[in-house]
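Here are the chains, one letter per residue:
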Amino acid sequence: MVQSAWAVALNDLAGGLFLLTAVALVVVRQVQACLAAFVLESVLLAASAFILAAASGIPDLVAVGLITIAVKAVLLPWLLRGTVPEEIYTRRELSQLVNVPASLLIALALTLAAYLIAVPLAPAQDAFIRVNLPIGLAGLFISALSLVTRREAVPQLVGLLAMENGAFLAGVSIAPDLPLIAELAASFDVLVIVLVMGILTRAIHEHVGTTDIVELVERSDEEEL
Amino acid sequence: MTLIVIPLLPLAAALWALFPQRGRAAAGATMAAAAAAAGAAWSVALRSAAGAPTVAISGWIACDGLGALALVLVAGVNLSAAIFSYGYVSARLAPAGSRAERRYYVDYNLFAGSLLLVPLLSEPALVWIAIELTTLLSVFLVGFTRTRGALEAAWKYVVLTLMGAAIALLGFLLLYWALRGAGGAAFTWDGLTAAAPRMPAGLMQAAFLLVLVGLGAKLGLVPLHTWVPDAYRHAPAPVCALLSGAEATVVLYAILRLVPVAAGVPGAHAGGWLIGFGLLSVGVAVFLILQASDYKHVFAYSTIEHMGIILVAAGLGGALASYGAAAQVLAHSVTKTFCFLAAGAAAVVTPRREIQGLLRISPVAGAALLLGGLAIAGAPPLAVFLSEFTIFRAGFAERYPIAAALLAGFVAVGFFAVMAHVNRAVFGRAGVRKVIPLPGACVFALAAASVPVLWLGVYVPRPVLGLLHQAALWIGR
């Protein structure tokens, strides 16, 4: 496959920004900002898909990008606003289990690990895979980190979806011609995740009065005693 | 045609339960749908046992020996859990005809439908989505009682298993890449197996590990196992039966599907990883059983133990070990379902967490819990004992004596740990006076579920034996 320098450079840019937004998800301190970072990350995933579509001429990737934008950047925030009570949504100053400098250091280590794992797998002549596979894997790892360091329900949900974004960033480069039905079903699946976890968040909020998951766990431990 | 109808049957029952109705019509419809699905699954299994796979849409919906084993187990667990629910839901959860009762049956049937879907799909990416659906459709069943503990359990369950699903997703994408690189045609289980010898080892190893760790979260494999105790403590008993007897079975099925693929790539070390992960999970589970706080936890941790044993068996390779793995899948599913139904019966007669002297409170529930404990711990001559013994033998035959000895040691410790807890609950002096009688449907479901537990250890009927051999062929190729 001949890859034009322009497409490669643009894809590098999209990949680099994707990694930045993944790190941003770990360190931002507001639910709103967290969501904004996720939307941006999804748009960058779509951008990478468009660039690859233009470079390789696989029309499926255009559809993948469009579905990603429609579902993750438009429908998802709207659905989340509908199911999660406003009060949780606008909350500020999230507390975190690991402080920001430590999180950044761990994220750095995870990125290095992802690079070391992914680069031997990627073929030397494919510049897209050499960017998307390590960054996708790093996105997966870093989002998993944000999932375990967050205390609030909504950022945990966003962390889960960001993990999926990481997998798909790798996916658009390594499996560009994956049957579209799988892509469609996966997008539907994202909506169900948001719906189910949104309703669950609301139920927790109504029955327990907090969406601080760590506090919830501690309190229910006390109850058992 | 049969294959397409099977997952639609519970879907129809779920739709039925959406509308208000008198008495226990929703429960009745659920039982009817479960019975029909079980009958259809059995007919598919009979065909597979004779060596003829059933194909509905080639390349998309089909069922071979291994698929038929998973399918018939899910359908069987679904049937006994549906009958048990008929008595259990109105006794413990919600009055007949209430909105909460309908909510239970809608969720229950959707969950059952998604479970029945997994073994029928031929394309791995769609299997991944179906497995994700099994999580999403069971969340509200785990948190059904809406107490703080139940909601927390549901949250942990959904977050950890979806985290695993995202990891597995990357694994499946890598598999697709490997398939394309090897010039393979269709992205199906068969296509993967055929193209496996031409795939690069490093890529295969990465893909296999991601899928194993990711889907392992649903099996409760270490390290993503921390959701297990809470979910099983708070979920209603029939849901526990489905989670352990059916959900674990179908997820394990998806992993076992990949075993011949990964084993077909020289240098991918699939067997070693399976044995390592399996032994780790068995060991951790046994120590968790030792310090478990009640018998529901014991059964939950013993699920992890059994999943680990099956992975070790699959990792050993060879005909005997593959047969042992298939037999253990069967034995685990029927036995653990019975165990959780017995635990549910105990919860009905005396709604307390700390139970003592159950045999005096309710002889039926007490005897069932004792039988369940003995069976799941692996007492001879019951089914779990037979399959575990086969796996030990295979371990020595395949020249993995250390793995086999470790496994045997863990299983022996596990036996005593399980029995210590069950003894305490079953025997001894009864603390409570007030006893709630066990509904007839619960007794019937227990009696029906006990038949395969008692029978399969002594005598394996011909069709079942044929099915196990067919399934073993698909694991061990």
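Here goes a summary of the coordinates provided. Remember, predicted model here, so these are calculated numbers, not experimental data.

**Observations regarding the overall build of chain A**
Within chain A, the secondary structure is distributed over nine helices and zero strands. Reading the helices (α) and strands (β) of chain A from amino to carboxyl end gives α-α-α-α-α-α-α-α-α. Each of the 225 residues in chain A was classed as buried or not, and the buried ones make up 56%. Contacts in chain A between residues far apart in sequence, at least 24 positions, make up 77% of those at least 6 positions apart. Accessible surface computed for chain A: about 9,000 Å², of which carbon and sulfur atoms make up 70%.

**Some words on the packing of aromatic side chains**
Residue and element names in this part refer to chain B. Overall, the coordinates contain 14 aromatic pairs over all chains when judged by the stated rule. Relative to Phe277, the ring of Trp273 has its centre 6.5 Å away and its plane inclined at 40 degrees; by these criteria the two rings are tilted. With Trp273 and Phe277 both in helix H11 (residues 270–290), this residue pair falls four residues apart, about one helical turn. Given a relative accessible area of 33%, Trp273 falls into the partly exposed group.

**Structural notes on the interface of chain B and chain A**
In this complex, chain B contributes 37 residues to the contact, which on the side of chain A involves 47 residues. Across the chain B to chain A interface the summed buried area is about 3,900 Å²; carbon plus sulfur atoms make up 79%. On the chain B side of the contact with chain A, Arg148, Trp155 and Trp177 of chain B bury the most area, a combined 23% of that side's loss. There are one salt bridge connecting chain B and chain A. Residue Asp177 of chain A is joined to Arg180 of chain B by a salt bridge in which the shortest nitrogen-to-oxygen separation is 3.1 Å.

**Examining the packing of helix H12 (residues 295–316) of chain B against helix H16 (residues 383–397) of chain B**
All names here are of chain B. Orientation of H12 relative to H16, taken along the N-to-C sense of each, is 35 degrees, at an axis distance of 10 Å. In this structure, H12 meets H16 at a crossing whose hand is left-handed. Where H12 abuts H16, its residues His306, Ile309, Ala313 and Leu316 lie against Val384, Glu388, Ile391, Ala394 and Gly395. Looking at the contact of H12 with H16 residue by residue, the classes come out as six nonpolar, two polar and one charged.

**Let's talk about H16 of chain B**
All names here are of chain B. Between its first and last C-alpha, H16 extends 21 Å over 15 residues, near the 21 Å set by a 1.5 Å rise per residue. On its buried face, H16 sits against H12, helix H13 (319–349), helix H15 (363–377), helix H17 (401–426) and helix H18 (440–458). One or two residues past the end of H16 sits Arg399, with phi positive at roughly 65 degrees.

**Observations concerning the environment of Ala70 of chain B**
All names here are of chain B. In this structure, Ala70 sits in helix H3 (residues 65–93). Note on Ala70: relative accessible area 3%, which makes it buried. Sequence separation of Ala70 and Ala49 is 21 residues, and the distance between their C-alpha atoms is 13 Å. Setting aside chain neighbours within four positions, we find Ala70 in contact with Pro119, Thr249 and Tyr253.

**Observations concerning the environment of Val142 of chain B**
Residues and elements named next belong to chain B. Tracing the backbone through its elements, the reader meets Val142 in helix H5 (residues 124–142). Distance in space between the C-alpha atoms of Val142 and Tyr232 is 7.9 Å, their sequence separation being 90 residues. Sequence-distant contacts of Val142, that is, excluding residues within four places in its chain, are made with Ala150, Ala153, Ala154, Tyr157, Ala231, His234, Ala235 and Leu243.

**What to know about the pattern of salt bridges**
For side chains bearing opposite charge, pairing can occur when the charged atoms are close. Evaluated as defined, the whole model comprises six salt bridges over all chains. Of the charged contacts in the structure, one is a salt bridge between Arg202 of chain A and Glu206 of chain A, with a shortest N-O distance of 3.6 Å. Of this pair, Arg202 of chain A and Glu206 of chain A both sit in helix H8 (residues 180–208), four residues apart, which is roughly one turn of that helix. Close ionic contact of Glu152 of chain B with Lys156 of chain B constitutes a salt bridge, the shortest N to O distance being 3.8 Å.

**Digging into unusual backbone geometry**
Residue and element names in this part refer to chain B. Geometrically, the link from Val222 to Pro223 is a cis peptide bond, its omega value of 15 degrees lying close to zero. Inspection of the secondary structure puts Pro223 in the loop between helix H8 (201–219) and helix H9 (228–234). The omega angle of the peptide bond from Pro380 to Pro381 is 0 degrees, so this bond is cis rather than trans. On the secondary structure map, Pro381 appears in the loop between H15 and H16. Even without being a glycine, Arg146 presents a positive backbone phi close to 60 degrees. Within the secondary structure layout, Arg146 lies in the loop between H5 and helix H6 (148–181). With a relative accessible area of 21%, Arg146 lands in the partly exposed category.

**Some words on helix H2 (residues 31–56) of chain A**
For an α-helix, the turn length of 3.6 residues means that residues three or four places apart are oriented alike. Between its terminal C-alpha atoms H2 of chain A stretches 38 Å, which fits the 38 Å expected from 26 residues at 1.5 Å a residue. Backbone geometry just downstream of H2 of chain A places Gly57 of chain A in the positive-phi region, at approximately 75 degrees.

**Section: the pairing of strand S1 (residues 54–57) of chain B**
Residues and elements named next belong to chain B. Of the pairings in the sheet, the one linking S1 to strand S2 (residues 61–63) comprises three bridges and is antiparallel in character. Bridge pairing in S2 places Thr54 opposite Cys63. From the end of S1 to the start of S2, which pair antiparallel, there are three residues, and Gly59 there has a positive phi angle of about 90 degrees.

**Considerations on the packing of H15 of chain B against H18 of chain B**
Residues and elements named next belong to chain B. One can describe the packing of H15 onto H18 by two numbers: an axis separation of 11 Å at closest approach and a directional angle of 25 degrees. Overall, the two elements H15 and H18 adopt an arrangement that is roughly parallel. The two elements H15 and H18 meet at a crossing, and its hand is left-handed. The segment H15 lies against H18, with Val364, Ala368, Leu371 and Ala375 engaging Leu446, Ser450, Val453 and Leu454. Of the residues contributing to the contact of H15 with H18, the split by class is seven nonpolar, one polar and no charged.

Calculation notes
Residues numbered from 1 in each chain as written. Chains lettered and ligands numbered in written order. Predicted model: local features only at pLDDT ≥ 70, side-chain atom pairs only at ≥ 80, totals over all residues. Heavy atoms only, no water. Helix = DSSP H or I, 4+ residues; strand = E, 2+ residues; numbered from the N terminus. Buried < 20%, exposed > 50% of the residue type's maximum accessible area, 1.4 Å probe, protein only. Contact = heavy atoms within 4.5 Å. Areas by Shrake-Rupley, 256 points an atom, 1.4 Å probe, with all protein chains shown as cover. Phe/Tyr/Trp six-rings, centres within 6.5 Å; stacked < 30°, edge-to-face > 60°. Buried area = accessible area lost by both parts, 1.4 Å probe. Salt bridge = Lys/Arg side-chain N within 4 Å of Asp/Glu carboxyl O. Axes fitted to C-alpha atoms, helices over the stretch in contact; angles between N-to-C directions. Left-handed = near helix turned anticlockwise from the far one by under 90°. Nonpolar A, V, L, I, M, F, W, Y, C, P; charged D, E, K, R; others polar. Expected span 1.5 Å × (residues − 1). Pairing = 2+ DSSP bridges. Parallel < 35°, antiparallel > 145°, perpendicular 65-115°, else oblique.

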